[in-house]
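Fold and geometry: a report
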Amino acid sequence: MIIDVHAHWGPWFFSMEVGAVATNLAVMDRYGIDLAVVSATEAVIYDVTAGNRAMARVLEGNDRLLGYLTINPRRLDDAERDLRDLLPTGRFVGVKIHTDYTGSPANSAPTRAALELAAAHGLPALVHTWDTTPLDLAQAVADIPGVRAIAGHMGANGWRHAIEAANGVDRLWLEPCFSHTEAGRFAAVAAAVNPRRLLFGTDATLIDPAAAYGAVLAADLPPELAERVAWRNAAELFRLDLSAHTFSRASG
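The structure presented is a predicted model; accordingly, all values stated were derived computationally and were not measured. Each residue is numbered by its place in its chain's sequence as written, counting from 1. Note on the predicted model: pLDDT of at least 70 is required for a residue's local features to be given, and 80 or more for side-chain atom pairs to be given and counted; whole-chain, interface and lining totals, by contrast, use all residues. With hydrogens and water stripped out, all remaining heavy atoms of the structure feed into the side-chain values.

Next up on the list: the overall build of the protein. Counting secondary structure elements, the protein contains 10 helices and 7 strands. To get the radius of gyration, use the C-alpha atoms; to get the globule rule, take the number of residues to the power 0.38 and multiply by 2.2 Å. Scaling as 2.2 N^0.38, a compact globule of 252 residues should have a C-alpha radius of gyration of about 18 Å, and the protein matches this with 16 Å. Seen through its principal axes, the protein has C-alpha atoms that stretch 45 × 45 × 35 Å. Looking at the 252 residues of the protein, the share that counts as buried comes to 58%. Across the protein, the fraction of contacts at a sequence separation of at least 24, relative to all contacts at a separation of at least 6, is 76%. Computing the positive centroid from 21 side-chain charges and the negative centroid from 29, the protein places the two 3 Å apart. What counts as a helix is a DSSP run of H or I of at least four residues, what counts as a strand is a run of E of at least two, and both are numbered from the N terminus. A 1.4 Å probe rolled over the protein chains alone gives each residue an accessible area, and that area as a share of the maximum for its type sets the label: buried under 20%, exposed over 50%, partly exposed in between. Residue contacts follow a heavy-atom distance rule, with two residues in contact if any of their heavy atoms lie within 4.5 Å. His is not counted here, nor are the chain ends, while Lys and Arg score as positive and Asp and Glu score as negative. Charge positions are represented by NZ for Lys, CZ for Arg, CG for Asp and CD for Glu.

In structure tokens, the structure reads:
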């Protein structure tokens, strides 16, 4: 089994042909991904409320997709309304916070407030991190009771900071997707952090899953750790009842 914890649904402003949910499912089939947690591109980049509601409609009847409810830290009133209206669908299992697109750094008051809101609803937060920002996210996690956060891209080129961050605080997870992966990056992180804090993420459909998939395979993880990265840690983090999913991809 494979669970992708960092995926997207919808067209990008520079890649319009990936907008159909059928594209998500085809990409998942190609790489043997059983379940993906997705955010709406519209919500991340354009209109958070419209995007979240469109995401809710897409999730209906798509058993292999679960949703991130996107939060713009500068529009917390909208976030509170979206959480109130959409969480009862049972299809959203976390929140997505893109610190760069919203101009809200991980150590800013708005993002900390957004993390508090996620924690109040018992939801893990996937937070965009780059360079040194995993350290800022780790400090926020340490300061805010109950927050569970995923350092998206595990800092990208700042992955060494992600190691320090994950080792400095619990309740912080790392996922590897990055379009310019260095050789040995994921293997080095996997050797240095708690094995229960590692997840698999691809950034599909923005990036082909081959990048993350190859990085994890190249790490040559022992079987128990490989299983944790592939799905077990994600199932625990999101508190998933996997028996509720049929995983009806052709490859079984």
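What follows continues from the structure just given.
In this section: the pairing of strand E3 (residues 65–70). For E3, a buried count of 6 out of 6 residues is recorded, marking the element as mostly surrounded by other parts of the structure. Burial of E3 is two-sided: the residues Leu65, Gly67 and Leu69 facing one way and the residues Leu66, Tyr68 and Thr70 facing the other way are all buried. DSSP calls a pair of strands paired once it identifies at least 2 bridges connecting them. Where strand E2 (residues 35–40) lies against E3, 3 bridges are found, and the strand directions are parallel. Counterpart to Ala36 in the pairing with E3 is Leu65. The pairing of E3 with strand E4 (residues 92–97) spans 4 bridges and is parallel. Counted as the bridge partner of Gly67 is Phe92 from E4.

As defined here, a cavity is a set of points on a 1 Å grid over the protein atoms alone where a 1.4 Å probe fits but cannot get out. A pocket is an open set with protein on both sides within 12 Å along at least five of seven lines, and residues line them when an atom is within 4 Å of a point. Grid points are joined across faces, edges and corners, and a volume is the space filled by probe spheres set on the points. As a volume, the largest pocket reaches approximately 230 Å³. Lining the largest pocket, in full, are Met1, Ile2, Phe200, Tyr213, Val216, Leu217, Asp220, Leu221, Ala226, Val229 and Ala230. Secondary structure elements with two or more residues in the lining of the largest pocket: helix H9 (210–218) and helix H10 (223–237). Charged means Asp, Glu, Lys or Arg here, nonpolar means Ala, Val, Leu, Ile, Met, Phe, Trp, Tyr, Cys or Pro, and polar covers whatever is left, Gly included. In the lining of the largest pocket, the residues fall into 10 nonpolar, no polar and 1 charged.

This paragraph deals with helix H7 (residues 159–168). Those residues of H7 that sit buried are Trp159, Ala162, Ile163, Ala165 and Ala166. End-on, the buried residues of H7 take up no more than an arc of 165°, which puts them together on one face. The outward face of H7, more than 90 degrees from its buried face, is lined by the exposed residues Arg160 and Gly168. Residues of H7 that are buried in the fold lie against helix H6 (133–143), strand E7 (172–174) and helix H8 (185–192). Throughout, the arc means the angular range of directions from the helix axis out to the C-beta atoms.

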